[in-house]
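Analysis of the macromolecular model
Spelled out, the chains give:
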Amino acid sequence: MLKPSSMKPSNYEPTPATGLVAYFSMEIAINPRMPTYSGGLGMLAGDTLRSAADLSTPMVAFSLLHRKGYFRQILDAEGKQSEDAQPWQVEDFCTEEAPRVTVSVENRIVTLRAWRYDVVGRSGHLLPIYMLDSDLAENSEWDRRLTDHLYGGDSNYRLQQEILLGMGGVRMSHALGLPINVYHMNEGHAAFLTLALLEAQTGGGPLGQVSATDIEAVRRKCVFTTHTPVPAGHDRFSMEQARRILGAERTARLELLGCCHEGLLNMTYVALRFSRYCNGVALKHGEVSQAMFPEYTIDAITNGVHGPTWVSEPFAELFDRHMASWRRDHLYLRNAIAIPADEILAAHARTKESLLAEVASRTGLVLNPKVLTLGFARRAATYKRADLLFRDPERLLRMAQAAGGLQILYAGKAHPQDEPGKALIHSVIEKAKQYSGADLRVVYLENYDWNLGAALTAGVDVWVNTPLRPYEASGTSGMKAALNGVPSLSILDGWWIEGCIEGVTGWAIEDGADDAAEAESLYTKLETAVTPAYAEQIRWARLMATTIAHNGSFFNTNRMVKQYIRNSYYPYDITEEIPAMAEAVSAS
Ligand SMILES: *Cc1c(COP(=O)(O)O)cnc(C)c1O
């Protein structure tokens, strides 16, 4: 069977010395004060670029400007979510670039400019992010709003945004004169970049006759990371929409090239079709994706998080004292096992104190720093099952009493159009109200974002994750926790299959036939493993040290970016020639 993405280009050997990687992502968490991200995907993009800058990787990035941001979450007393826009001052953070490019959308010509933000690496390396902006006088009022709202509007708006990102981004990269030799699509949103490359390859005008050589020339430049473990999650558009908005000729071309599936234009197939290398974001997710797309070869590069962004100040000081080189190379974190228990406990106590101070200032609730505190914060999607802990409220209360108290901190936004997700938030807040005594305290914190995420992942005692398998492609918040020595109690899905060493880095919630069975395992682990370990603080300190040593040292973007360079961007090196040479020698 033809497996396009496994075919190695014959005579194309890009190297970091000859050009740049261009990283395309619909969302990027760039700066805590810029609301240009919604959650995990944007955080991963930002952490990737921060580590790439730290490693002085020749790289640039493209995204949309998102002038109105994602949204600020407001929760009323009943736990009902409403949303506010988050306008921000672009000029306070970014500088405008001179070039203008145009893209045709729905038979209109849309002009774009780019705003530049430089990510500065630890040794001063600059990694520019170019954010495309359609808010220009020459555009119609509708078109001027196309780069305003991240994941806003309907699927027509979404398709128009994706055309601007992919095709506009490539044209801007050309207008800026950037010598790009690898285009990396972070999720299918950016896959129209391949169409712009194909048009450039065939001479700019209408696609006309596209040859196999043209397609191969595009494939040599493109790599793709998929993030979605279920078919329904992949970005798709109706053929009618595609013809109307993208254009009849381009749509017919993509259809001919196998980019449509079940009567829909499928952005994942666009990306797969035109990439020489594809990967999922954890080993299990690679397997799941491979089974979903058997005609392509899909590898896996497990996600990570950017150490200096997510390690709390007390732990950063501790690491600087004991493993000064960790900032350059996170593998040195393996030596965390040598840090004395009292120093780990002291660093954690300081980190937990600042979290509880933040909770008090936001809610007026004063929590007890001695009491075991669980954290659960992420997008409020139903598959994450935020309410699994409340399956048996009486048992939860008995456990809290037996353990000398229990505190649970929740946070997370539901997408504005996700009614079931909003209902889940409402239900958690309603359940939280049932516990008014000091034994069990449940708090839902408003407006989960970068800063709150950093405070929560670092400051709680245990990070809980209860996704329904196999929906969690990777998950990254447990990795942020691990860098701060916080163990996870999680379903074996996504990264946790690789990260869980029972009793050493945390605990697994056993796979069960249904929610009830998995809730049962969650309670049993809390009763028999977590609370007894927490009661012995010296033992707990060991657990924190081994969590950092095993998982902090590996699940970071410092390692991940090196893996992308080695496996995705520049996989051609001398070691690949060795087997062929050995064969030639033995044959002679
Ligand atoms: C890290 C982070 C996420 C990712 O959450 P997961 O559920 O672990 O994928 C989402 N939102 C914010 C604000 C984060 O900091």
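Now for a quick tour of the structure. Here the residue numbering is sequential within each chain, running from 1 through the sequence in written order. Residue-level local features of this predicted model are given only where pLDDT is at least 70; pairs of side-chain atoms are given and counted only at 80 or more, and the full residue set underlies all totals for whole chains, interfaces and linings. Heavy atoms from the whole structure form the basis of all side-chain values; hydrogens and water molecules are not counted.

**A short note on the pattern of salt bridges**
Criterion for a salt bridge: a side-chain nitrogen of Lys or Arg within 4 Å of a carboxyl oxygen of Asp or Glu. The tally for this structure, following the rule as stated, stands at 41 salt bridges. A salt bridge links R469 to E518; its shortest N-O distance comes to 3.2 Å. Here R469 is found in the loop between β19 (462-465) and α17 (477-483), whereas its partner E518 is found in helix α19 (residues 515-535), with 49 residues between them in sequence. Type-normalised accessible area, obtained with a 1.4 Å probe on protein chains alone, sets the label of each residue: buried when under 20%, exposed when over 50%, and partly exposed for intermediate values. Accessibility expressed as a relative area gives 32% for R469, which makes it partly exposed. Numbering of helices and strands runs from the N terminus; a helix is a DSSP stretch of H or I covering at least four residues, while a strand is a stretch of E covering at least two.

**Description of unusual backbone geometry**
The omega torsion of the bond from R469 to P470 falls at -5°, within 30 degrees of zero and hence cis. Structurally, P470 is set in the loop between β19 and α17. The backbone of E106 shows a phi angle near 50°, a positive value even though the residue is not glycine. Within the secondary structure layout, E106 lies in the loop between β6 (101-105) and β7 (108-120). With relative accessibility at 23%, the residue E106 sits in the partly exposed group. Phi at N447 is positive, roughly 55°, even though this residue is not glycine.

**Examining the nonpolar core**
Joining through side-chain atoms within 4.5 Å is the link that ties buried Ala, Val, Leu, Ile, Met, Phe, Trp, Tyr and Cys residues into a set, and such a set is a nonpolar core. In this structure, F315, F319, L396, I408, Y410, V462 and W540 are the most contacted members of the largest nonpolar core, which totals 71 residues. In terms of residue count, the dominant contributor to this core is α19 (eight residues). Bear in mind that the domain bounds are from an automatic or database domain assignment. Looking at this core, you find at least three residues from each of domain 1 (19-74 + 83-300) and domain 2 (314-553). Any two residues whose heavy atoms approach within 4.5 Å are treated as being in contact. Residues contacting V462, with those up to four places away along its chain left out, are L372, T373, L374, G375, V486, P487, S488, L489, W507, V530 and W540. L178, V218, F224 and V270 belong to the second largest nonpolar core, which has 68 residues in total.

**Some words on the sheet that holds strand β18 (residues 440-445)**
The strand order β18-β17-β16-β19-β20-β21 describes an open sheet built from six strands, whose pairing is parallel. With partners counted over all chains shown, the strands left at the sheet margins are β18 and β21 (506-509), one partner each. Neighbour-to-neighbour, the strand axes of this sheet turn through a mean angle of 20°, independent of strand direction. For two strands to pair, DSSP has to find at least two bridges joining them. For strand β17 (residues 406-411) and β18, the ladder comprises six bridges, and the chain directions are parallel. Following the sheet pairing, I408 is matched in β18 by V442. Axis geometry follows a simple rule: fit a line to the C-alpha atoms, using only the stretch in contact for helices, then measure angles between N-to-C directions, giving values from 0 to 180 degrees. The strands touched by helix α13 (residues 341-363) are β16 (373-377), β17 and β18; relative to β18, the strand with the most contacts, the crossing angle is about 70°.

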